[in-house]
Amino acid sequence: MTVQAAVVFGFVLFCLGVFGLLSRRNMIVILLSLELLFAAAGINFIVFSNLHKNIDGQIFTIFLIAVAAGEAAIGIGLLIALFKVKRTVDVDAADSLRG
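Here the structure is a predicted model, which is why all the values come from computation and not from measurement. (Residues numbered from 1 in each chain as written. Predicted model: local features only at pLDDT ≥ 70, side-chain atom pairs only at ≥ 80, totals over all residues. Heavy atoms only, no water.)

Engineer: Report on the overall build of the chain, specifying residues and quantitative values.
Structural biologist: A count of helical and extended segments in the chain gives 3 helices and 0 strands. When the helices and strands of the chain are read in sequence order from the N terminus, they spell out α-α-α. Relative to the globule expectation of 13 Å for 99 residues, the C-alpha radius of gyration of the chain, 16 Å, shows a markedly less compact shape. Taken along the three principal axes of its C-alpha coordinates, the chain extends 50 × 25 × 15 Å. When the 99 residues of the chain are sorted by exposure, 23% land in the buried category. Of the side chains in the chain, 7 bear a positive and 6 a negative charge, and the two mean positions are spaced by 6 Å. (Helix = DSSP H or I, 4+ residues; strand = E, 2+ residues; numbered from the N terminus. Rg over C-alpha atoms; globule rule 2.2 N^0.38 Å. Buried < 20%, exposed > 50% of the residue type's maximum accessible area, 1.4 Å probe, protein only. Lys, Arg positive; Asp, Glu negative; His and termini not counted. Charge placed at Lys NZ, Arg CZ, Asp CG, Glu CD.)

Engineer: Give a detailed account of helix α2 (residues 27-51), specifying residues and quantitative values.
Structural biologist: With 25 residues, α2 extends 36 Å from end C-alpha to end C-alpha; this agrees with the ideal 36 Å at 1.5 Å per step. Residues of α2 that are buried: Met 27, Ile 30, Leu 31, Ser 33, Leu 37, Ala 40, Gly 42, Val 47 and Ser 49. Where α2 is buried, its residues touch α1 (3-23) and α3 (56-86). Two or three places before Ile 28, at the opening of α2, Asn 26 has a side-chain oxygen 3.1 Å from that residue's backbone nitrogen. (Expected span 1.5 Å × (residues − 1). Contact = heavy atoms within 4.5 Å. Polar contact = N/O pair within 3.5 Å; in protein donor to acceptor, adjacent residues only side chain to side chain.)

Engineer: Which residues make up the side chain of Thr 61, and what values do they have?
Structural biologist: By the element assignment, Thr 61 lies in helix α3. Note on Thr 61: relative accessible area 9%, which makes it buried. For Thr 61, the residues in contact, after removing those within four places along its chain, are Gly 42, Phe 45 and Ile 46.

Engineer: So what's going on with α3? Residues and values would help.
Structural biologist: Here α3 contains 31 residues, and its C-alpha end-to-end distance of 44 Å stays within 8% of the 45 Å for a straight helix at 1.5 Å per residue. Where α3 is concerned, the buried positions are Gly 57, Thr 61, Leu 64, Ala 68, Glu 71, Gly 75, Leu 79 and Leu 82. Elements that come into contact with the buried residues of α3 comprise α2.

Engineer: Describe a nonpolar patch on the surface, and please don't skip the residues or the numbers.
Structural biologist: Side chains of Val 8, Phe 11, Val 12 and Leu 16 sit close together on the surface and give an oily, nonpolar patch of about 380 Å² of accessible area. With respect to the secondary-structure elements, Val 8 resides in helix α1. (Patch = residues over 30% accessible without salt bridge, like charges linked within 9 Å, V, L, I, M, F, W, Y side chains within 5 Å. Areas by Shrake-Rupley, 256 points an atom, 1.4 Å probe, with all protein chains shown as cover. Salt bridge = Lys/Arg side-chain N within 4 Å of Asp/Glu carboxyl O.)

Engineer: Tell me about the packing of α2 against α3, residues and numbers included.
Structural biologist: Close contact between α2 and α3 brings their axes to 9 Å; oriented N to C, the two are set at 175°. Judged by the angle between their axes, α2 and α3 are roughly antiparallel. Its residues placed into classes, the contact of α2 with α3 shows 17 nonpolar, 7 polar and 3 charged. (Axes fitted to C-alpha atoms, helices over the stretch in contact; angles between N-to-C directions. Parallel < 35°, antiparallel > 145°, perpendicular 65-115°, else oblique. Nonpolar A, V, L, I, M, F, W, Y, C, P; charged D, E, K, R; others polar.)

These values are about where atoms sit, not about what they do.
Spelled out as structure tokens, the structure:
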């Protein structure tokens, strides 16, 4: 895969993630959109790391994967709490979870 193709692929994933974040109210879709954003950033880090023959982008991508896993775990916990209280996964109902 060429550098241009990989960057375009990362850009398309990033655009899909931003569109999902801004246009949807379903918490599951929002979490998936965040994962798309993280994947797009990771792809671009790897591509430019290989382009410049530097390992820093690959190391940063490993940390990015760890952050994405933590985000998914916290997001699923919030999703379960929201569904227990409101019986919906709509983020507009999430204001009732304030302590």
